[in-house]
Amino acid sequence: MLNIALPKGRLGEKVYAMFARAGFDCPGILEDSRKLVFENPEKQVRYFWVKPSDSAIYVERGAADIGVAGKDILLEYRPDVYELSDLETGKCRMAVAAPKGWRDDGIRTLRVATKFAFIAREYYASQGRDIDVIHLNGSIEIAPILGLSDVIVDIVETGTTLRENDLEVISTITEISARLICNKASFRFKQQEIMRVAEGLKRTKEG
Ligand code: PRP
């Protein structure tokens, strides 16, 4: 049985549809319920719905053999897993944004509000810019509006949240998408099963 961690929510449902098209469907999984674990013994798969930011932890620790995680989470937390493929869905970008018209004076320590402290530190270190990271857990866009920070480092998908809060992108740090990840020990011991799923997903992407 292959244990698969899927991110709960809209992205997870899209990703599950890819697994189903690849031949690894699981009855009842999309029904509206609070159930978190679903298995299909015939296809030898067991899926769990987990919080999107946690799926890499399940895979790193071996509670799941494979899973799906956003590249943002992989860059931020650097879990010790194999990244098998880019699923080319859940596309967005990690960007720096600020109130419209804001300009960096390049002198004062820059106050950066973000959920992604590691990514922000690494990006600004590469620019040789000193920053003070203000770690928030959500609604990051509010920080520069209230003067808590100068800029934010956050995910931009449609750009609606920025627009509706009079913020704009100053620079793009990196493109993000959903990735298929794999536990390192599972890759040794269940390589055939894992590769069957990975190949199946690759075919659905191409088809
Ligand atoms: C994410 C992200 C932005 C928003 C971007 O927030 O942090 O706030 O989506 O999407 P958009 O460009 O399409 O508007 P999420 O919905 O995960 O909530 P959060 O505020 O709790 O981070």
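Residue numbers here run from 1 along each chain, matching the order of that chain's written sequence. Two thresholds apply to this predicted model, a pLDDT of at least 70 for residue-level local features and 80 or more for giving and counting side-chain atom pairs, whereas whole-chain, interface and lining totals are computed over all residues. Side-chain measures were taken over the full set of non-hydrogen atoms in the model, leaving aside hydrogen atoms and water.

Asks: Can you lay out the side chain of Asp72 for me, pointing to particular residues and giving the numbers?
Replies: Only DSSP runs of H or I covering at least 4 residues are called helices, and only runs of E covering at least 2 are called strands; the numbering of each starts at the N terminus. As for its placement among the helices and strands, Asp72 is situated in helix α3 (residues 71-77). For each residue, the accessible area found with a 1.4 Å probe, counting protein chains only, is set against the maximum for its type, and the residue is called buried under 20%, exposed over 50%, and partly exposed in between. Neither His nor the chain ends is counted toward charge; the positive residues are Lys and Arg and the negative residues Asp and Glu. Note on definitions: salt bridges are taken to be side-chain nitrogens of Lys or Arg within 4 Å of carboxyl oxygens of Asp or Glu. No salt bridge is formed by the buried Asp72; the nearest opposite charge belongs to Lys115, separated by 7.2 Å. Contacts of Asp72, omitting those with residues within four sequence positions, involve Met94, Phe116, Ile119, Ile155 and Ile176. Here, residues are in contact when the closest pair of their heavy atoms is within 4.5 Å.

Asks: Now, about unusual backbone geometry: what can you tell me, with residues and values included?
Replies: Despite not being glycine, Arg78 shows a phi value in the positive range, around 45°. For Arg78, the position within the fold is in the loop between α3 and β5 (82-86). Taking relative accessible area as the criterion, Arg78 reaches 42% and is therefore assigned partly exposed. Despite not being glycine, Glu88 shows a phi value in the positive range, around 55°. With respect to the helices, strands and loops of the structure, Glu88 is situated in the loop between β5 and β6 (92-99). You can call Glu88 partly exposed: its relative accessible area is 46%.

Asks: Let's hear about the layout of surface pockets: which residues, and what values?
Replies: Of the two site types, the cavity is a set of points on a 1 Å grid over the protein atoms alone where a 1.4 Å probe fits but cannot get out, and the pocket is an open set with protein on both sides within 12 Å along at least five of seven lines, each lined by residues with an atom within 4 Å of a point. Grid points are joined across faces, edges and corners, and a volume is the space filled by probe spheres set on the points. As a volume, the largest pocket reaches approximately 1100 Å³. What lines the largest pocket is a set of 40 residues, and nearest its centre among them are Asp72, Cys92, Lys115, Ile155 and Glu157. Of all elements in the fold, only α1 (10-21), β4 (66-70), α3, β9 (151-156) and α6 (160-164) reach the threshold of two or more residues within the lining of the largest pocket. Basically, the charged four are Asp, Glu, Lys and Arg, the nonpolar ten are Ala, Val, Leu, Ile, Met, Phe, Trp, Tyr, Cys and Pro, and anything else, Gly included, counts as polar. A class-by-class count of the residues in the lining of the largest pocket yields 16 nonpolar, 14 polar and 10 charged. In this structure, the second largest pocket occupies an estimated 300 Å³ of space.

Worth remembering: the numbers are spatial, not functional.
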